[in-house]
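# Summary of structural features
This is what each chain is made of:
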Amino acid sequence: MKAVLFDLDGVITDTAKFHFLAWRDLGAELGIEVDEAFNEELKGVSRIDSLERILAQGGVADKYSSAEKDELCVKKNAHYLELIKEMTPDDILPGIIPLLEELKAAGIKMIVTSASKNAPEILDLLQVRPYFDGIVDPATVKAGKPAPDIFLEGAKLAGADPTDCVGVEDAASGVEAIKAAGIVAVAVGDEQVLSLADRVLPSTAYLSLTVLQEAWANSKK
Ligand code: BG6
Ligand code: MG
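Analysis parameters
- Residues numbered from 1 in each chain as written.
- Chains lettered and ligands numbered in written order.
- Predicted model: local features only at pLDDT ≥ 70, side-chain atom pairs only at ≥ 80, totals over all residues.
- Heavy atoms only, no water.
- Buried < 20%, exposed > 50% of the residue type's maximum accessible area, 1.4 Å probe, protein only.
- Helix = DSSP H or I, 4+ residues; strand = E, 2+ residues; numbered from the N terminus.
- Arc of directions from axis to C-beta.
- Contact = heavy atoms within 4.5 Å.
- Pairing = 2+ DSSP bridges.
- Phe/Tyr/Trp six-rings, centres within 6.5 Å; stacked < 30°, edge-to-face > 60°.
- Lys NZ or Arg CZ within 6 Å of the ring centre and 35° of its normal.
- Near = heavy atom within 4 Å.
- Polar contact = N/O pair within 3.5 Å; in protein donor to acceptor, adjacent residues only side chain to side chain.
- Areas by Shrake-Rupley, 256 points an atom, 1.4 Å probe, with all protein chains shown as cover.

### Concerning helix H3 (residues 47-57)
Here H3 has its buried residues at Ser50, Leu51, Ile54 and Leu55. What you see down the axis of H3 is that its buried residues fit within an arc of 135 degrees, all on one side. Buried residues belonging to H3 abut helix H1 (16-30), helix H2 (36-39) and helix H4 (66-84). Once H3 finishes, Gly59 follows within two positions and takes phi at roughly 70 degrees, a positive value.

Shown next, in the form of structure tokens:
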């Protein structure tokens, strides 16, 4: 294992809950219910693709112009930014700092492969940006998760073959993207939702260099 490709929202910090709140409120304004079950389908998915899924869910995908959709995305993001502005290093999920320290000591490259355009700012709020060797800019990636592009780009940025990488995700779309890239997937969360992953852990507290290396080594058997 030469590199670890990290999702951000729901892996490094629990911003997944803030994305949910912001979409739920926007949905309510549009008369479309966004409940927790439907939200699972939004996790990992880009801002505009999430909005498209919500509008489709409400059966109103054709009712908004692309300018109106852009405005709705701006509104959602403004609410989201309001929700995350007080974030501090205390909001880093359990086990993440020890893992980043272990990976650094082992000389393993670390790359952020998040669909979020807010990722650099969040990494700064959490004060973890110096750990990472690179952040893939999702704006430069052709197709969002569940397409493999962002993880293939992450491997490239790490200077590693995809087969020498492990991807860490909390979303079904993210796990699908990792697997489509031919990368070993370690997921955090519900085993049923994340069934495509090579290994599923109940929470980030279970992540460690050993667990990631084992998952990688098992894939070579
Ligand atoms: C992903 C989140 O990491 O980033 C999604 O799981 C979110 O919920 C996506 O929609 C895009 O994020 P942002 O910050 O660019 O709106
Ligand atoms: Mg995520």
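### Quick look at the pairing of strand S1 (residues 3-6)
Burial of S1 is two-sided: the residues Ala3 and Leu5 facing one way and the residues Val4 and Phe6 facing the other way are all buried. In the sheet, S1 pairs with strand S2 (residues 109-112) via 4 bridges, with the strands oriented parallel. By the bridge assignment for S2, Leu5 is matched with Ile111. The pairing of S1 with strand S4 (residues 165-169) spans 4 bridges and is parallel. Within S4, the residue paired with Phe6 across the bridge is Val168.

### Some details on the packing of aromatic side chains
Scanning the model with the defined rule gives 1 aromatic pair in all. Considering the side-chain rings of Phe6 and Phe132, the 5.7 Å spacing of their centres and the 80 degrees angle between planes classify their relative orientation as edge-to-face. Taken as a pair, Phe6 in strand S1 and Phe132 in the loop between helix H6 (119-126) and strand S3 (134-135) lie far apart in primary sequence, 126 residues in all. Judged by relative accessible area, which is 0%, Phe6 ranks as buried. Lying over the aromatic face of Phe20, Arg24 brings its terminal NZ or CZ to 5.9 Å of the ring centre. Lying across the ring of Tyr80, Lys76 places its NZ or CZ 4.7 Å from the centre.

### Regarding unusual backbone geometry
With glycine set apart, most residues show a phi of negative sign, and most peptide bonds adopt trans. For the bond from Lys145 to Pro146, the omega torsion is 15 degrees, close enough to zero to count as cis. When you line up the elements, Pro146 lands in the loop between S3 and helix H7 (149-158). Positive phi is not limited to glycine here, since Gln127 has a value of about 60 degrees. Position of Gln127 among the secondary structure elements: in the loop between H6 and S3.

### Details of the environment of Ala16
Checked against the element boundaries, Ala16 lands in helix H1. Remark: the alpha-carbon pair of Ala16 and Gly44, spanning 28 residues in sequence, is separated by 8.9 Å. When sequence neighbours within four positions are dropped, the list of residues in contact with Ala16 reads Asp9, Gly10, Lys43 and Asp170.

### Quick look at the site of ligand 1
Around ligand 1, a shell composed of 14 residues is seen, among which Asp9, Arg47, Ser116, Lys117 and Asn118 lie nearest. Interatomic distance of 2.8 Å between a backbone N/O atom of Gly44 and an oxygen atom of ligand 1. In this structure, an oxygen atom belonging to ligand 1 sits 2.7 Å away from a main-chain N or O atom of Lys117. Notes on ligand 1: free accessible area 390 Å², of which the protein chains cover 97%.

Don't take any of this as a statement about function, it's just geometry.
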